[in-house]
Number of protein chains: 2
Amino acid sequence: MAQKNVLQFIILGLLNEQPLTGYELTKAFDSDIGEFWSARHSQIYPLLNRMEGERLITHETEVTGEKLERKRYAVTPVGAEMLTRWLNEPTRTITPGKDEFALKLYFISDASDGRLHVMLQTQLQLHRSKLEHLEGQMKSKFSTDSQIRGHYGHYLILNHAIRRETEYCHWLEDALASAPAVADADTGTGAKRS
Amino acid sequence: MAQKNVLQFIILGLLNEQPLTGYELTKAFDSDIGEFWSARHSQIYPLLNRMEGERLITHETEVTGEKLERKRYAVTPVGAEMLTRWLNEPTRTITPGKDEFALKLYFISDASDGRLHVMLQTQLQLHRSKLEHLEGQMKSKFSTDSQIRGHYGHYLILNHAIRRETEYCHWLEDALASAPAVADADTGTGAKRS
DNA sequence: TATATACATGTCTTTATTGACATGATTATG
DNA sequence: CATAATCATGTCAATAAAGACATGTATATA
């Protein structure tokens, strides 16, 4: 397996809270859980079929309006047990991360490289707006203690995401502080001088 | 493409510094760059072949000892140009991260869940030893300013990795501070009471 | 000198994941 | 009422990536 079929457990976990359709499951990855895992509908729908074949989940068909059908999936006892086994097993690995930007940066060998400034600036902008979005999420979802109750894990990882992005921004800002805004050194290709 | 063939550019970048064998390329992912991308030899060797077919790299065969052959790959002008194009293009995306632990945590809805303590403790141990290792790397590779020169990007991302792991540990420690060491609530399965 | 470890290169199968293709219904908005 | 956005579910081909399988050499160490 490329990972360990973590997606399967995420689906089980989400359906364990409440029955959901494939569409709703797909949308779940647009919000906070998307900070730590992602999946498209083209991966989700086939997996739902497979999981149903394995009796981990079942569905009942609902009809919206005149004829629009949707399948609402729910966890079976077998699926619930499998979820519990996953949850009970402490995670003894660190999921290896990927970061194209960091890698690109790795190949900038010189602190005076003219490309550094725009590279860092571009990423900083991205991470700042992400951070802003996450802080909005936190405010809207967990502004009071009572909202945390029953969603503690969600609160924890949203907090985690915010701290991660905050740190990412700080790092970029620090790096930016030592990157010249105007290129002095050659950039490997035609760097325009000002 | 699942990503955008970032691996191709990493290989180009590494070979641009100095010609390397497939084996050495593979090993590169065990050190700091592995903090931001990973690849196995079973992905690297076929890709080297493909890239050579596309004239991005070439190789010359060396012999070690009596008959052990190895192919030392180097970037062609075409490959170098492609690398430069990648480096010149600011990264306008954030590579989506994956973190099985965070996801598992998401499904712990109650702060009093007995599983929380061991989950957090296990991860903290992992991230602490990773942090320790990274700090060792920093000390051995960049203890003086002169060592940074010519490897600035490497220095930056190592710093990034250290700050990331430091933050991760802090977050775990904070979460741990509010997680009871002994289970009061049920854990979904047989939680032993003390 | 036995032997374990590291060096060295590959292939093959399976699984994970993306992105494109494909279709149609419902609802909100102008 | 037109039409855009969203809801809703799927398939298919291609690429990415993991893990197992396969083989042999060179070197350090006991």
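Residues numbered from 1 in each chain as written. Chains lettered and ligands numbered in written order. Predicted model: local features only at pLDDT ≥ 70, side-chain atom pairs only at ≥ 80, totals over all residues. Heavy atoms only, no water.

Draft legend 1. Main features of the protein's contact with DNA strand C. Neighbouring DNA strand C are 30 residues; Glu66 and Lys67 of chain A together with Tyr23, Arg70 and Lys71 of chain B lie closest to it. Among atoms of DNA strand C positioned within 4 Å of the protein, sugar and phosphate together represent 73%. The separation between a phosphate oxygen of DNA strand C and a polar main-chain atom of Asn5 of chain A is 3.4 Å. A distance of 2.6 Å is found between a phosphate oxygen of DNA strand C and a backbone nitrogen or oxygen belonging to Lys67 of chain A. When contributions to the surface near DNA strand C are tallied by element, the ones reaching two or more residues are α3 (41-53) of chain A together with α2 (22-28), α3 (41-53) and β3 (68-75) of chain B. Sorting elements by how many residues they give to the surface near DNA strand C places β3 of chain B first, with five residues. (Near = heavy atom within 4 Å. Polar contact = N/O pair within 3.5 Å; in protein donor to acceptor, adjacent residues only side chain to side chain. Helix = DSSP H or I, 4+ residues; strand = E, 2+ residues; numbered from the N terminus.)

Draft legend 2. Molecular detail of the relation of the copies chain A and chain B. In the superposition of chain A on chain B (RMSD 0.0 Å, axial shift 0.0 Å), the rotation amounts to 180°. Considering both components of the superposition, the chain copies are consistent with a two-fold axis. For chain A, the smallest separation between a C-alpha atom and the rotation axis is recorded for Gly97 of chain A, amounting to 3.0 Å. (Least-squares fit on C-alpha atoms with pLDDT ≥ 70 in both.)

Draft legend 3. Looking closely at the packing of aromatic side chains. What the rule picks out here adds up to 14 aromatic pairs over all chains. Taking 6.3 Å as the distance between ring centres and 75° as the angle between the ring planes, the aromatic pair formed by Phe101 of chain B and Trp171 of chain B counts as edge-to-face. Of the two residues, Phe101 of chain B is situated in helix α5 (residues 100-106) and Trp171 of chain B in helix α8 (residues 152-177); the sequence distance between them amounts to 70 residues. Residues Phe101 of chain B and Trp171 of chain B agree in their burial class; the two are buried. Taken together, the ring pairs connect Phe9 and Trp86 of chain A together with Tyr106 and Phe107 of chain B into an aromatic cluster. (Phe/Tyr/Trp six-rings, centres within 6.5 Å; stacked < 30°, edge-to-face > 60°. Buried < 20%, exposed > 50% of the residue type's maximum accessible area, 1.4 Å probe, protein only.)

Draft legend 4. Summary view of the interface of chain A and chain B. Each side of the interface is counted separately: chain A has 67 residues, and chain B has 68 residues. In total, chain A and chain B occlude about 6,700 Å² of area from one another, counting both sides; carbon and sulfur atoms represent 62% of this. Looking at the side of chain A facing chain B, the largest losses of area belong to Lys98, Glu100 and Tyr106 of chain A, adding up to 12% of the total buried there. In this structure, the connection of chain A to chain B is made through six salt bridges. A salt bridge links Arg163 of chain A to Asp174 of chain B; the shortest N-O distance between them is 2.8 Å. Across the contact surface, chain A and chain B share 32 residue pairs in polar contact (both at pLDDT 80 or more). Looking at the side of chain A that touches chain B, the elements that each hand over two or more residues are α1 (6-17), α4 (77-88), α5 (100-106), α6 (115-141) and α8 (152-177) of chain A. Considering every element that reaches the side of chain A that touches chain B, the biggest residue donor is α8 of chain A, with 14 residues. In terms of residue class, the side of chain A that touches chain B is built from 30 nonpolar, 22 polar and 15 charged. (Contact = heavy atoms within 4.5 Å. Buried area = accessible area lost by both parts, 1.4 Å probe. Salt bridge = Lys/Arg side-chain N within 4 Å of Asp/Glu carboxyl O. Nonpolar A, V, L, I, M, F, W, Y, C, P; charged D, E, K, R; others polar.)

Draft legend 5. How the structure looks around the pairing of strand β2 (residues 57-64) of chain B. One ladder, built from eight bridges, connects β2 of chain B with β3 of chain B; its direction is antiparallel. What sits directly across from Val63 of chain B, in β3 of chain B, is Glu69 of chain B. (Pairing = 2+ DSSP bridges.)

Draft legend 6. Representation of the confidence of the model for chain A. Residues with a pLDDT of 70 or more make up 92% of chain A, whose mean pLDDT is 93. Contacts of residues 184-194 of chain A to residues separated by more than four positions or lying in other chains number eight contacts, the stretch itself having pLDDT below 50. (pLDDT = per-residue confidence, 0-100.)

Draft legend 7. Representation of the domain arrangement of chain A. Residue and element names in this part refer to chain A. Taken as a whole, chain A is organised into domain 1 (6-88) and domain 2 (100-177). Put simply, the middle of domain 1 and the middle of domain 2, counted by C-alpha atoms, are 29 Å apart. Between domain 1 and domain 2, the contact holds four residues from the first and 10 residues from the second. Buried area between domain 1 and domain 2, summed over both chains or domains, comes out near 620 Å², and the portion from carbon and sulfur atoms is 55%. Broken down residue by residue, the surface that domain 1 buries against domain 2 is led by Asp32, Glu35 and Phe36, which jointly contribute 89%. For the interface between domain 1 and domain 2, the tally reads three salt bridges. Between Lys141 and Asp32 there is a salt bridge whose closest N-O contact spans 2.9 Å. Class assignment for the residues of the side of domain 1 that touches domain 2 results in one nonpolar, one polar and two charged. (Domains from an automatic or database assignment.)

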